[in-house]
Amino acid sequence: MPNERPGPPGPRLADLAVRHVDRILVIERACFPAPWTRGQFEREFSIGRGTLRGAFCPETDRLDGYLIAWPVAGEVHLMNLAVHPARQRQGWGAALLDDLLGRAVQEGWAPVWLEVRPGNRAALALYASRGFIRAGRRPGYYEDTGEDALLLRWK
Ligand SMILES: CC(C)(COP(=O)(O)OP(=O)(O)OC[C@H]1O[C@@H](n2cnc3c(N)ncnc32)[C@H](O)[C@@H]1OP(=O)(O)O)[C@@H](O)C(=O)NCCC(=O)NCCS
């Protein structure tokens, strides 16, 4: 679904490169209680198997959101999605997710899987709005709190 809301323009979406890792870490640390490390992000770039997309401010070109997904054996696993808190609720998360889902349709990737914390209301609302459904639970998935993850699937 394109960005059609009134207000500031939507993001410019483009592939990420390793030079973006510093900014990714700022966003990651502002968004998650157990952020990925620099090494984890750098590995994503060196392995080169993933879809790594960034959401950039069209006026300043600053990176304010990103999505990382792994296509594996015809399916996709959404590994990371974050929008800087100052940019949230402006359609950027939806733009990144729609970009991935559009690519999945194009490439014939299905289903799309992801894990989410049961208390993450913003993410759950976003995923529900795009048609993700609950497919299971992974007990004790989050090491920092011991919380279960909800497993969601699309298609
Ligand atoms: C989840 C996240 C990526 C959403 O990004 P966002 O840019 O704020 O979301 P959008 O503005 O595109 O919202 C799209 C829809 O999702 C839902 N949504 C998003 N944030 C919401 C919130 N705080 N409360 C309720 N619904 C919300 C709404 O349906 C929204 O549509 P609307 O604004 O027209 O009502 C963002 O909150 C985030 O980075 N959170 C921290 C990291 C995280 O939890 N990532 C997901 C891990 S599984």
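Refer to the structure presented above.
Residues numbered from 1 in each chain as written. Predicted model: local features only at pLDDT ≥ 70, side-chain atom pairs only at ≥ 80, totals over all residues.

### Examining helix α1 (residues 21-31)
To keep things clear, this is the line we draw: Whether a residue is buried, exposed or partly exposed follows from its count of other C-beta atoms within 10 Å of its own C-beta, namely 20 or more, 12 or fewer, or something in between, respectively; the C-beta atoms are built from the backbone. Each helix is a run of H or I in the DSSP string that is no shorter than four residues. Each strand is a run of E no shorter than two, and both are numbered from the N terminus. Working definition: the arc comes from the directions between the helix axis and the C-beta atoms, pointing outward to the latter. Contact definition: two residues whose C-beta atoms, as placed from backbone geometry, lie within 7 Å.
Buried residues of α1: Ile24, Ile27 and Glu28, and no others. Each buried residue of α1 sits inside an arc of 100° when the element is viewed along its axis, so together they form one side. Exposed residues pointing more than 90 degrees away from the buried face of α1 are listed as Asp22 and Arg29. Of the surrounding secondary structure, the elements contacted by the buried residues of α1 are α2 (38-47), β3 (63-72) and β4 (75-83).

### A word on the site of the ligand
Rules: Nearness here has a simple definition: the residue's C-beta atom, placed using the backbone, must lie within 6 Å of the molecule or strand. Put simply, Ala, Val, Leu, Ile, Met, Phe, Trp, Tyr, Cys and Pro go in the nonpolar bin, Asp, Glu, Lys and Arg in the charged bin, and everything else, Gly too, in the polar bin.
Close to the ligand lie 20 residues, the nearest being Gln88, Gly93, Ala94, Ala125 and Leu126. When contributions to the shell around the ligand are tallied by element, the ones reaching two or more residues are β4, α3 (92-107) and α4 (121-129). Class assignment for the residues of the shell around the ligand results in twelve nonpolar, six polar and two charged.

### Description of the sheet that holds strand β6 (residues 133-138)
What counts, and what does not: Two strands make a pair as long as DSSP finds a minimum of two bridges between them. Angular values range over 0 to 180 degrees, each being the angle between N-to-C directions of two axes fitted as lines to C-alpha atoms, with helices fitted over their stretch in contact.
Pairing is mixed in the open sheet, where seven strands are placed in the order β1-β2-β3-β4-β5-β7-β6. Each end of this open sheet is capped by a strand with a single partner; those strands are β1 (12-15) and β6. The sheet shows a mean angle of 25° between the axes of neighbouring strands, direction not considered. Of the strand pairs in this sheet, β1 and strand β2 (residues 51-56) are connected by four bridges, and their pairing is antiparallel. Bridge pairing in β2 places Arg12 opposite Phe56. Contacting β1, β2, β3, β4, β5 (112-116) and β7 (149-154), α3 crosses the sheet at an angle of about 25° to β3.

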